[in-house]
Structure formats: structure tokens, C-alpha cells
Protein chains: 6
Amino acid sequence: MTFIRSTFKKNRSLWLPALNYIRAMSSEGPTSAFSTLSISRPSNAITHVELNRPEKRNAMNRAFWSEMVDCFTEIAGDSECRVVIFSGAGKIFTAGIDLMDMASDVLQPEGDDTARTSWNLRRIITKYQETFSVIEKCPKPVVAAVHGACVGGGVDLITACDIRLCTQDAWFQIKEVDIGLAADVGTLQRLPKVIGSGSLVNELALTARKMYSDEAKSCGLVSRVFPDKESMMDGALELAGEIAARSPVAVQGTKMNLIYSRDHSVAEGLDYMATWNMSMLQTQDVMKSAQAAMEKKTPKEVAFSKL
Amino acid sequence: MTFIRSTFKKNRSLWLPALNYIRAMSSEGPTSAFSTLSISRPSNAITHVELNRPEKRNAMNRAFWSEMVDCFTEIAGDSECRVVIFSGAGKIFTAGIDLMDMASDVLQPEGDDTARTSWNLRRIITKYQETFSVIEKCPKPVVAAVHGACVGGGVDLITACDIRLCTQDAWFQIKEVDIGLAADVGTLQRLPKVIGSGSLVNELALTARKMYSDEAKSCGLVSRVFPDKESMMDGALELAGEIAARSPVAVQGTKMNLIYSRDHSVAEGLDYMATWNMSMLQTQDVMKSAQAAMEKKTPKEVAFSKL
Amino acid sequence: MTFIRSTFKKNRSLWLPALNYIRAMSSEGPTSAFSTLSISRPSNAITHVELNRPEKRNAMNRAFWSEMVDCFTEIAGDSECRVVIFSGAGKIFTAGIDLMDMASDVLQPEGDDTARTSWNLRRIITKYQETFSVIEKCPKPVVAAVHGACVGGGVDLITACDIRLCTQDAWFQIKEVDIGLAADVGTLQRLPKVIGSGSLVNELALTARKMYSDEAKSCGLVSRVFPDKESMMDGALELAGEIAARSPVAVQGTKMNLIYSRDHSVAEGLDYMATWNMSMLQTQDVMKSAQAAMEKKTPKEVAFSKL
Amino acid sequence: MTFIRSTFKKNRSLWLPALNYIRAMSSEGPTSAFSTLSISRPSNAITHVELNRPEKRNAMNRAFWSEMVDCFTEIAGDSECRVVIFSGAGKIFTAGIDLMDMASDVLQPEGDDTARTSWNLRRIITKYQETFSVIEKCPKPVVAAVHGACVGGGVDLITACDIRLCTQDAWFQIKEVDIGLAADVGTLQRLPKVIGSGSLVNELALTARKMYSDEAKSCGLVSRVFPDKESMMDGALELAGEIAARSPVAVQGTKMNLIYSRDHSVAEGLDYMATWNMSMLQTQDVMKSAQAAMEKKTPKEVAFSKL
Amino acid sequence: MTFIRSTFKKNRSLWLPALNYIRAMSSEGPTSAFSTLSISRPSNAITHVELNRPEKRNAMNRAFWSEMVDCFTEIAGDSECRVVIFSGAGKIFTAGIDLMDMASDVLQPEGDDTARTSWNLRRIITKYQETFSVIEKCPKPVVAAVHGACVGGGVDLITACDIRLCTQDAWFQIKEVDIGLAADVGTLQRLPKVIGSGSLVNELALTARKMYSDEAKSCGLVSRVFPDKESMMDGALELAGEIAARSPVAVQGTKMNLIYSRDHSVAEGLDYMATWNMSMLQTQDVMKSAQAAMEKKTPKEVAFSKL
Amino acid sequence: MTFIRSTFKKNRSLWLPALNYIRAMSSEGPTSAFSTLSISRPSNAITHVELNRPEKRNAMNRAFWSEMVDCFTEIAGDSECRVVIFSGAGKIFTAGIDLMDMASDVLQPEGDDTARTSWNLRRIITKYQETFSVIEKCPKPVVAAVHGACVGGGVDLITACDIRLCTQDAWFQIKEVDIGLAADVGTLQRLPKVIGSGSLVNELALTARKMYSDEAKSCGLVSRVFPDKESMMDGALELAGEIAARSPVAVQGTKMNLIYSRDHSVAEGLDYMATWNMSMLQTQDVMKSAQAAMEKKTPKEVAFSKL
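Residues numbered from 1 in each chain as written. Chains lettered and ligands numbered in written order. Predicted model: local features only at pLDDT ≥ 70, side-chain atom pairs only at ≥ 80, totals over all residues.

Asks: Would you explain the sheet that holds strand 1 (residues 37-43) of chain B in this entry?
Replies: Sheet strands pair by backbone hydrogen bonding; their relative direction is either parallel or antiparallel. Residue and element names in this part refer to chain B. On the basis of which strands lie adjacent, the open sheet formed by six strands has the order 1-2-3-4-6-9 and mixed pairing. Taken across any chain shown, the strands that pair with only one partner, and hence form the sheet edges, are strand 1 and strand 9 (224-226). Direction aside, the axes of adjacent strands within the sheet are offset by 25° on average. Both strand 2 (residues 46-51) and strand 3 (residues 83-88) contribute to a ladder of six bridges, which runs parallel. Bridging across to strand 3, V49 finds its partner in F86. (Pairing = 2+ DSSP bridges. Helix = DSSP H or I, 4+ residues; strand = E, 2+ residues; numbered from the N terminus. Axes fitted to C-alpha atoms, helices over the stretch in contact; angles between N-to-C directions.)

Here it is in C-alpha cells:
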């Protein structure tokens, strides 16, 4: 009891130490700490998060929304991890929100009057938004690898990732308008800043039509299309490997400043960047990298300290 | 009569009740309340606004600027309308501003000294900007369907629309620099947020070169190119029908939040969205839509209340 | 002499009067006032700035950073110049920062403790950022013409230009992550606002992979690809000629408002624009341009006053 | 007649030409065009707007909300007017919103479901907000002169004015929290930017306690306290006279830039100001004022053109 | 075990159920769940949080920083609580940060190089900032009651509260500059928006001089000064009672919109407010309050539902 | 000589090396490098800048505007200086702009048409704005000490300073409206963020009335009033001494973050602060200060490294 209390003091989210404990015992293979996510480390410094409810078409149920927060909070603090791959188990990436499981939250919110019901709904929406915002707050780059359907909440999720890849058979659908609501956990906010055509964003959001991989590539939603899931996962691993091999100070600083710049004017972005780099430039990694470059070594041959 | 006309000139809003009255009497067929716009209802819940001065190549004259405001103000409050199509009558979409008609406003502004002339010009520019901003303030999505030339003010207009379609023979030209001025009623503000290539936006605005339909499609200015006007109008109607069939709470909330998000950071967009949806999620439309989905019905088979 | 040189080091602006003086004497042909830039006037109203250290692959050394500021400050005030072309001499556009020359600044910054070293680094970074921001602050449009490699600082530079052209053999590389740092003089701030695909921006910045001309064109980084340098320079001159022929009031007002709009909401951009044009519309250039248009003359046949 | 009245209800702007017409006929004495506001011109260039429902303690009824917009829209365009005094007729300034008259709007909004009711409420609130925002949009300075009670909507109103005066017996109360709602037509947005103590703003808004004139003076809500209404009105006229005597280009430019600066960073405010004054400095008024100053004349002795 | 797991699912922060459990058992008297904070409910709907390390002059130790987050997170979700009083036990409010306990965090941060040390420090500072930001995120108003010294972190804390009261013997000191650092957990960000004199804020922050209660009152830092702690606590309870008696929908909406408005332009604040109130106006509380007002009842006589 | 003078006119920065040279020779006593400013070092680490045209009532002539930039640019880079006192020589602080000397710039700007004249005016205004913005950009705190009149440009100047003191006989006047223009070099932008009463700011700016020292103190414009100039200068020196004694890392970081926070939301201010302090906390000054505190030494007894 005393032991538990003392861990409590340091760490108010009980999940984390429990999880760490479990991991310590089973360091290889996916952990079973989450019911909707499967975590593995396919290669050094790369964490693979797999949406893992294939029997439910990876629909996002109640557990998913809170497990995502725990998962990415942990990854954010895990100095062994330098880059994340996010994909879906089974036949498709995700069918989106699991309406059966979530219905009571969203469709029958509690409250003595309209104001109180609204208050509760706002709290719930804000919590769900946080589920995907943690991806952005996690300083490690996240590569989304999409195969098959990516519907509704799936689009909210991948627009919060840093890089998107997909298979030839992938398709994307902003489904919310079809169930009578404006997408409220990220798509409407992030998609216009992710792809270049305002006309296309509006059309997709207003009609809920499917967009297939070719259009996803040409409009810039994904950077690359692969023939099938296997080749995509290979490609994702290779890409993640490229990122993981580089200085984590450089990589994570790049991610954080790209996100900051998206939301600020150029002048503000430059000011923040200068303030950021006044310390970050004092890393050994610059010297190590410069030396490696002179010795014609690749980044993968350089050992950077953890971050 | 002369007296009335002169008050009309001072006060555009006098149009509205007159218009309502006229409409009440002739509910089918295009109304004749506007001299530059022709309004019709080609299909349930779809309003078609046609720029209708074909003999003047749909040039934007003095009447146009105030009729647009009246027209879209009325549409904004018309609960029968769920989506708008905007096109041009005759051979081209529009030749832009009607310099002959507008010249006295812009070229010979009044004022006792430079400051007072400037003051008057600022008032005029602000009023003209409002002409296109009403499209954005109107919560119903607006689909622009462009054929032939879309010049100067035409580009200002379509960048304020939500979705853009065009014919194979369409071309676009930011003409203002050719007549010695920086485009000041929307193009410079909206185009960079509408298409993905900053280099292209700058080139078009600085050289006044024409952009043809293929480039308009590949750069994302339009979502789709049709072989001719007839097929485009069919396509526009089909697209508008898709939007009109969906919950107006969802559709109009989507438009308003997409525009809000364009002008704010992601965090601010999410906060606004949560505050918006805390009430909007309490619509019957969610339940109706969900039930329809379970019964394998399309949105068109669901009857949503007016908004 | 040594004394003078050391004051020069402290105070870059001392260059300017010297330069003006030299120029007054040798008005034709490239000046030799800069050691890293070669300035010429290939055609009326067009200034050509050439990065001119071909023997060092146009690497950006210490002199370059301050000469850029002097050069563009002077161009900003030079009423003879209406548009700028920026290109690189020799085999490639630029290899980026000259680490050998810059190393002491960046790698061995001075300071009694970490805070003071950071303070100095921030001052240095801010100064380097200014080097490219002057391109943006200069109201004359700048056309970047890229051939061969455009690496690291080169990408920072061209994203601050208004229009980008390249040759078929051009390639682009955000190199910074490879030497252990987050790009801090403009790329991370400007590139996301220059090209349409967020996924691609992130991938390029996080992996330092090369992007070739075809992808640069399709993603919108450049507006046009030419077969070789010669044809590109011809194209650049033609494009610059189109811009130079137009009213400088219109052209420079367009540039300044496009940049303002990039960093503000549409409503703020419109307000600023109206306040800008309340005086700028009172230019003779509008009347001159209108008259020329009626007489079927091209802008090149109109003589506009200097600005 | 009934027909006209009903169109009036729908369309407030119909008032304006009627009003202009009436005024043309009776240029002296207060007009009777408004049912809740009495307009007079107590002195050259000064418009006095009086809230005039003394029998109802100047409660803000349905007519008031639209008459304010018409009144200030007209004043904004009235070049004879250079400054406005706003006061209340009868025993107090205002008792705030007239709940009896407004109840159906606010308490029983229409709508088929919660979302639609919310939609209508938002439209209504936005319209009511506009009622006070027109004071801010009107470029002529508005001096509020408060005696007796200033409750609820009264505080919303005066915080949108530029200068506030009051009598010794005046008191102020943010009443909204007492009737179960957060003040939504301006107080919460403007009061924190009007007075210096955050703690006091919060206390007043959260407890609905009355604040008397002494505290109103010491916290900066009002600039001056007068012994009684008569002396206050004299003081207001004198103050308004000082403002009216000065160049309208200077005065109105000052108001508009003060409001702009309140809502922007200092750097943005300076940029806007420079862009504003690049034309406004070219007024004859500067020369006239400078000459008057050299001749030891007061501004009142200078004749400025209308604006 | 199953029981624990199921509570985990609902609530990932284990503290909360544990704490609730403890409270259920000892509902009167302060709980002992926190080591640095003592929580009680002195009156209906009022939560009293007392900084409770009197033997250490209420210095903020490591436990304090995380307990604050837990405490206010819980209060935010506690529908029984409508307003919070925050005070200090013992002779003074707080001596600020407990340097002895915190030294290792701040003075000897870990990291393999400067960049990594900086990274860790930034994480720590951000966490500490969150400690006071939770006060602002908690929608229930927080009244700070200060007696004796309020030093360093104490000023950070009270500027995040909504209303500030103090005793005659209270004094305030921004201590950070005295220990070689710029105050980084809120004072520099919030104080300028809390009191009206920029000159005074700067002087206090740059010289670390003490400010006594009289000046704190006259500059607006506190709303009221009491002769001694007992009378202040009575006053705080009375003030809190006034707030607690009012509709929680109105009170908490007021707090949230005041904070939103502080950080946005007036136009943005109004838009957010309208979107907020479109649902919140649909509360029964408006009708209840209106009815009570007509029946001459005070808010305390009205029973509002929990929120 | 004439040649040199003319280059000087074009290029203010040429002053700097000259100045440095002169200083090297005469390190004690005020320098004579500036014609309008007198610089001295009354005490260790304190720079005293005196506006020194007493025979012209310290009116701001053409030389002043550029000398201020040179002076504060130099101070910004002078690691011997930790705090600045700014005062006026002779009988008053300043009579404001020297209209006789400046008239040609402002009253007779050049330009071939209105647009070009406006363009030139904008450039001039922007340059003048910079004159006072350098005070803010200089990281060393600036204490303004005002005696007698502080008119027009004087108010622009002191609102850009960090702390303001004045004598009993001081008075302040926003004079611009009296000469037909809106104050455009800082007062309208900064004053509302410097004092707490919006009503007072507006009244002062719109009426040009004088404000005396008592009101200046009670509204928060100045932090302290002294009986006469001598006691004020003593007080200023003492205050400056307090600041100069403290860690320059702490002091200058405090100034820069206070200014950043003024122009940003609290959340943005906190983020910037954390990014700033992640390196600045790693200063030896924290340890030195902590140790001094434990040894009961005052900051003046600690030797901090230069910054």
C-alpha cells in the first residue's frame, strides 16, 4: 500500500506505471495493456501503434478514445522511441466511430435542461478532440499508413498525423455530414491546412463522397501510394527508419516548429524558432552530424543520445 | 417616382420588401426583381443565382454590387434553400467589373482634399468587398459553375464560393494589375487560401496571365472540369442535390466551421467547433440520419426540418 | 585599413554609401561591390541578382548573409528597379550554408554560461533570418530561377521569393535535419504556406530526401520547369518583363498585400487592403492603364512614373 | 398601412429614407422618427442621441434594438455630425433590457429541435450585439453621459462608447448573472479592455453588485463625475465641443485607430496606422491647423471641410 | 481486481476515485488526501482550498505542483461546487517556491548535452505552468484571499485566480528576478492583463520590490482590503456566497467568456459568446431567475440544478 | 566634407563606427557624437540618455529621429549597459516634434501622383515609428524621467519606455489632433496598453487636453511623482541601480517577455516563456543569486557576467 501511494505521488495517471510494469516483463511482442491498440517495436527507435479491433472493422469505441491519450502520452515520454507508425489491423484502416458503443455519450447526453446537456456535450467533444490532438502534441513524428477504408473519425485521426501513406485500394470519407453533424474532432480544422485545394476540402466535407487513393495522392493528402499493405508497411518502416536515424533533437524540433508555424504568421514562427534553437543548436548532434558528413557516413551510422 | 428612385439609390435595402412582395405573387419561374441577377429554383432546396447581363458579357455594374448583397442576404434567411448554384448567362461567366458604369465611383471619387477623397474611396471599397463577403456569410454552401471567361471581379467572386466547377473552355484572369491597381475585393486575400501553390498565386496576380481549365484543375482552383456548359450545369445540380439532401444543420455548420478554421489556429478552431456542436449535436437529424443509415436508406430519403 | 575592415565587420551598413559611390561610376555591367552577389540590369527595370561563388558551389558564407541585406535594402529603395530575378552562377543554384566559413558562429558561439551562449546564438539566428526576410520586405517581386542543386539555405531563400522557376535537372533538399538541427531561417515557417501538401512538407523536412523538378512542379513549389538553364533564364526574363511592364503601384501593392494576407485572416486582409487602396487607387496609372486598354495597347506601351 | 408596418418589422432599413424625408422637413427640434430615441443637434456638429422611454425607465425594447442600428448608421454617414452625446431621458439612464417586450425572442425562441432553436438564438444574439457594435463602427466619437441607474444592457451600451461621464448619483450594474445568463452583447468582451482591474471586472460580472460613481471614477470606467445631470450635460457639451472643433480627419482617424489597436498587437497597430495616414496626412487640415497654431488661434476658429 | 479495472476504464486518473472514496467516508472536516492542500466545504456549494504547509511558510514544494492539478481537476468536475476560495494557512499566504525541495529539478536538470537539458527544463516549466493554468481552466470562479506575504510563485498563483482580496498587512513581491530568472509560470503573462498600469507592472517585475495592500488596492490588483484575516475570510465567504447563489450556468459561462475575451479581439469575443449562449440561454435558470425577480426573491432563494 | 555629409544623410548607420571610435578616445563624460542626444554613464551599468536641445525646448528635429535609432541600437549591443534612464535637458522634457525642421518631410512629401506621395509618406511614417520601437526592441529596461511639458512626440516616446517617473510640475499632452492628424508613431497603439482607463485614453487623444502629474499617477501612466527634477533624477538613479544590480539574464528576459505577453494571449505567452527559459534557466546567475540569498547578501553584492 505504501509502495502504491508513493508511486501515486509521482505519477497521477495510474495507467502508466502499470503499463510500464507489464512492458518490463514482455519486452518483445505487442503488449496487451490496451484493448483497442496493439503496440510493438518493429525496429530500433520505431514504435508501431496498430488500431486493433479487426473484428469490428477497427471502429473507434469508448475504450479507444481514452487509450489513444494514454498511448501517445506514454510515447511522448518514451526516450527510446523516435518515430511512430500508425496503421490498422485487418481488412481496413477504420470504419470510424463505433456508434453502437458511443451512442449513449453522443446521442443521449445527460442534463437537466438544454444548457446542462450542452455543457456535458461540450466536455465530451473536447475530450474526444484531445484524443487526436495528443498525436500533434507528441513530439515524435507520426506516419499514418492507410489501407482500405478510412472513414469519419479515421480522417480526423490521420489529419493529425505528420505524414500519410496509403495503399492503392485505400479510400477516404468524411462521413459526419451523413449522420447529421459537422465533423468536430479535427477534420474541419486540420484538413484545409493539410491539402491544397479549398474547393476539394469543401466538396468532401459537404457531400461525404469517397476519395480514392489516386486523388488522395494528387491533392496531397498522402505523399505516396503503394500497391498493397505489405509494400506500404515496408515503405513506412523504411521512411520511419530514415527519420529515426537522424538526430532526435533535429527531428522533434522540426515537428514542433512545423506545427507552431502552421498556426502563426511567418514573423511569429521565425521568432519562436530563434528562441527554440538558441538552446537546441548547442547539441552535440550538430558536431556529430557534421563530422559524419565529412567522413561520408550516413546518419544511421551516428549514435545520438536519447531525448 | 423620381423621388422613390433617388431614395433607392441611397438605400439598397429598400429592395427587399418589394422583392418579397413580388415573389409572393409569382412563385414559379425566375423573378425579375433584380436587374443583373436571375434567381430560380431548379430543384427542391436548390437556389440558382445567374449573373444575367449576357449582352454586356455579365460585366459587374453598379446595380450588381448592391443586388448581390440583397440577394444573398435574402438567401441566408430563406429556410427553403439549402444550397446555391452560381453561374453566368450567355457566352461567358463574367468579363469582370463594368468600368463604364463604375468609372465615376472609382476613377473620380469626390472629396475636398486627398484625405477626404481617400475616406470616400475606402468606404466604397469596403462596400464592394462586402458584396462578395456575403457569399461567405451566407451559411448555405455556394457552388460556382464557370464557363468561358472569368475575369477580374469574377475571380474575386468565385474565391468567395465554397466549391468551384468549370467547363473545358473556361479561363481565369486576375485582371486588376492590368488596369493599374492591386485587386482589392477578395482575390488577394482568398486565393492563397484556396489553391495550394503560392508561386502560382503570385504569378497570376502579378502578371494577369490567363489560366485555363486544365491548370485550374491541377492547381485545385476547381474540383472538376466538364466538357461543356450543359454537362457542367447537370453536374452542379447533381452535386448541389447531394448537399441539399443532407441535414442542413450538418451542412451549414460544416460551412461555417470550415470558414472559421481557415482564419484561426487549429486549437482555436477546435474550441469554437466544440462550443458550436454542444447544441447542434442535439438535433433530431442525427437520430434520423443514424436510423436511415441502419435502414440502408440514402440521405435523400430522409426528411429534415428546415433551418 | 585593418581598422576600417574591423569596423566593417561590426557594421554591415557601411557598405551602402560605398556601393552607391562605386555604382555611380560604373553604371553598366555587373558591379563588383559584393563578393558573393553579382548585380546586373539585363533589361529595363529588371535587376538580376546572381549568387556568385561558383567555385564554392555558391555556398553561403559569412559575407553572403550581410550582403543579401545590403543588396535587397538597396533594391527596395531603387526606383529604377521594378522586379528582381535571383539565380545562381555556375553549375548549381547553391549548396547551402558554407559550414567551413560559418562554423565558428554556429558551432562555437561565445558566452560565459549556457544562457549567455544562447543569447548570442539567438541574436545570430535572428540576423540570419533577416537575410531572407529582406526579400519579402522588398516590395519588388522576386523571381527565383533554380538550376541544379538547391540545398539547405537555398530552400530557405527561395521560399522567401515570390515566384519560383526551375530547370529539369533541378532538385531541392531541406538539408538541416541531416546536420542535427531544425531549419531555422525560414523553410519551416514558409514552405507550408508555399506548397499545398502538408504531408509532403513534413516528409521533406523530416527525412532530408531530395525532391526533383517534376515533383516540385506537381506539388506547386515551382510554377514552371524549363529544359535547361538558358531557356529558364529566357523564361524568367520574359516573366519579369511582364511584371516590369505593369504599373509599379499595382505590382508592388499586390506583393505587399499578398504577403499581408498570408499572415492574417481574410477579414483582416480585406480591411488592410481597403486602407491601402484608399490612396493607391488615386494613381494616374489607373487612368493610363484604362486608356491604354481602350486603345488596345499592351502595358508595355504605357509609361508609368517611378515608385 | 398595415402592410407597410409589417414590412417595417421585417426590414429595419426601410426606416432610413422615411427618416431622411421627415428630417428634411423639420430640421430644427428633435425628430420623431424613432420611438425610443430622440435625436437633436444642440450645437454645431454635435448630435445628441437620447434614450427616450422615460415612462419605462428607458428599458430597451424590441424597437430600441433596431432603431439604434438605423440611428448610428445614419450618423456614420452624416457629414454634418462630428461627435455624438448619448444620454437617457427622465430619472435614470436605463433599466436595461425590457424583458416584457423581449421575452418571446429570448425566452421562447422557435425551432423544431434544440439545434434549430439554438440556430435562431444565435442569429438573435448576433443581431443584438450589432446594436452596440454600430457605436464602435461609427467613426464619430460617442460620449456617454450617465445619470442614475445604468443596468444590464446599459453597461453593454456604454462600454461601446468612447468616453464615459456620470453624475454623482449614478450607479452601474452588470445584471445578467442575476437572470441566469452570461452577458452576451458586449460587457464581458469590452469591459476588461475599458477598466484596469481584472479583479474588479470579474467581481462585478460574477456578483451583479452595484458600483457607484466614486468607484466608477477611481477604476477608470468614467473619466469624470459631475454633481448632477445638468452640470454633466453642460460638461458633455463642452467636451463634445472640444472634439467637434478639431479636424474631423484627425478625430475620426484617431477613434478608428484606437479601436484597431485595442484588438491587435502594437506592431500590427503601427503598420495599420502608417497605411492609414499615408493618405490622411495629405489633408488640408494639417496646414490649416499648423497655421492657426502659429497665429495663436484655437481649433474652434478654424473651418475644416466636412468628412 | 475486476472492480478496479472497471473504474480504470472510466477514469484513467486513479487519484480521483480514491479521493472520492476517502471523502465519502469523511464528509465533514478537511480531507487528508493532499499533503500540501487542505480542502473543506465551509458552506453549501463553496469549496475552500487552503495552502497548508504553515510550518514551511506555505512554500510550494514538489508535491504542491501536482496536487494543485489534481485538486482543481477534481473541482472542475465536482457539480456540488460552484465557487472556490483559495487562502493560506498559518502566518502568511505563501513564501513562494520551496527552493530546497525543487532545487534538483530546476537547478540541476538532467541531459546529455545543452539541448537535452533544455528539452527537460522546458517540459518541467510547462508542467509547472499547467499548475496555475488549471485554476483558469476550472470553470468555477476562484477567489484568492491573501494575508501576509505573497511572494514569487504566490503572485503567479493569484493572477490566475478570478478575484483577489487581501488583508491590510498583505504584501506582494515578484521575487524571480532576485534569484536570477524571469518569472515563467504566469506572472509576466497575466499580471499586465490584471492591473491597469504598465509602468507599475514593469517596475514590480524588474526590481522585485514589495507592494503593500494599499497600493495593491489602488492599482486594482485586489478588489478589497480587510483589516485582518478573520474579517477577510468572512468577506470572502460572503462574496463566494453571492456567486454560489446565482445560476451556475450564468456564473461559469461568465468566467469562461471573460477569459476568452481577455485573449481575443472584441469581434472574436462576441462571436464566441453568441455561439456559447445559443445553447446556454436555453436553461431553465433564466425562467427561474426571471420569476424570482418578479416575486422579489433573491437569487439565494432559487434552487438551480447542478452543473 | 560635403560629400560625406550627403552620404550621412542617406545612411544613418554610418554614424555607428564613427561613434565607437570617438568613444574609444573619450570614455568618460558625455559624448558629443549626437547633436540631439547627450549620453553619459552616471553609475556603473547605467546609461543616461538625455534629450539635449534645451534651446529648442527639446523639440524633435530631423536629426533626432535617426540619432535615436543609432543610440538605442548601440545600447542594445553594449554589454556594459544594463539599464537606461531617459530624460530631457533644460526646462521641459520635450515640446514634441520640431515642425519647422520636419515640415518638408511631412507637409510637402514628394510624389508624381497621390499614390506615389502616399507611398513616400508611408515610408517616412514607418521610419519614424521605428525611432520609438527601438526603445522596445532594446532588451535593457528604459526608465523615462519626465519634468515639465511632455507633448506630442514626447508621449509617443515615453509610452515605448518601460517605467515612467515624473515631477510634480510635469504635464502630458497628446497634441496631434490639434494639428489635424491622428497620432501615428506609437501613442494610439501603446497608451491603451499602458494605462487602465479606456475612457481617459480616448478623451486625451480626442481633445488634446493636458494631463497633470496627479492624474498621471492615479491613472497609472507614471509609477511615481517627485517634488522636483533633482529628486526625480535621484529616484531614477536609485531605481535604475536596483535593476542594474540584478542578473541581466533575468532582467532582460523579463523585459522581452513582458512585451511579448502584451501582444499575445496568455497561452501563447506561456509557451514562449517556457521556450525562452529552457536555456536561460541554465545561467550561473541562478546559482549565484541563490547563494547570495542564503548568505543574506543583496543583489548588489553579486558579480554577474555581462550579457
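That shown, we press on.
Asks: I keep staring at the relation of the copies chain A and chain B and nothing clicks. Help me out?
Replies: There are two copies of the chain, and a rotation about an axis plus a shift along that axis relates them. With an RMSD of 0.0 Å, chain A superimposes on chain B once it is rotated by 120° and translated 0.0 Å along the axis. Given the turn and translation reported, the copies of this chain are related as if by a three-fold rotation axis. No C-alpha of chain A lies nearer the rotation axis than that of G196 of chain A, which sits 2.2 Å from it. Interface overlap between copies is the fraction of interface residues in one copy that are interface residues in the other; for chain A against chain B it is only 6%, indicating separate surfaces. (Least-squares fit on C-alpha atoms with pLDDT ≥ 70 in both. Contact = placed C-beta atoms within 7 Å.)

Asks: What exactly am I supposed to notice about the interface of chain E and chain D here?
Replies: The extent of an interface is frequently quoted as the accessible surface area lost upon association of the parts. If you look at the interface, chain E gives 49 residues, while chain D gives 36 residues. Counting only elements with at least two residues in the side of chain E that touches chain D, the list comes to strand 6 (163-167), helix 7 (187-194), helix 10 (229-245), helix 11 (248-262), helix 12 (266-280) and helix 13 (284-294) of chain E. If one sorts the elements of the side of chain E that touches chain D by residue count, helix 12 of chain E sits on top with ten residues. Residues belonging to the side of chain E that touches chain D are distributed by class as follows: 24 nonpolar, 17 polar and eight charged. (Nonpolar A, V, L, I, M, F, W, Y, C, P; charged D, E, K, R; others polar.)

Asks: Would you explain the relation of the copies chain E and chain D in this entry?
Replies: The operation relating chain E to chain D is a screw motion whose rotation component is 120°, with 0.0 Å of axial translation and a residual RMSD of 0.0 Å. A share of only 6% of interface residues in chain E that are also interface residues in chain D marks the association as one of differing surfaces.

Asks: What should I look at first to understand the sheet that holds strand 5 (residues 149-151) of chain D in this one?
Replies: Residues and elements named next belong to chain D. Spatial strand order, 5-7-8: three strands in an open sheet with mixed pairing. In the strand order of this sheet, the two ends are held by strand 5 and strand 8 (211-212), each with one partner. By the bridge criterion, three bridges tie strand 5 to strand 7 (residues 171-173) in an arrangement that is parallel. Considered in strand 7, the bridge of V151 is made with Q173.

Asks: I keep staring at the pairing of strand 6 of chain E and nothing clicks. Help me out?
Replies: Consecutive side chains of a regular strand alternate in pointing toward one face of the sheet and then the other. Residue and element names in this part refer to chain E. In terms of burial, strand 6 is largely enclosed, as five of its five residues are buried. Across four bridges, the pairing between strand 4 (residues 142-146) and strand 6 is parallel. Counted as the bridge partner of A144 is R164 from strand 6. (Buried ≥ 20, exposed ≤ 12 C-beta atoms within 10 Å, placed from the backbone.)

These figures capture arrangement, not role.
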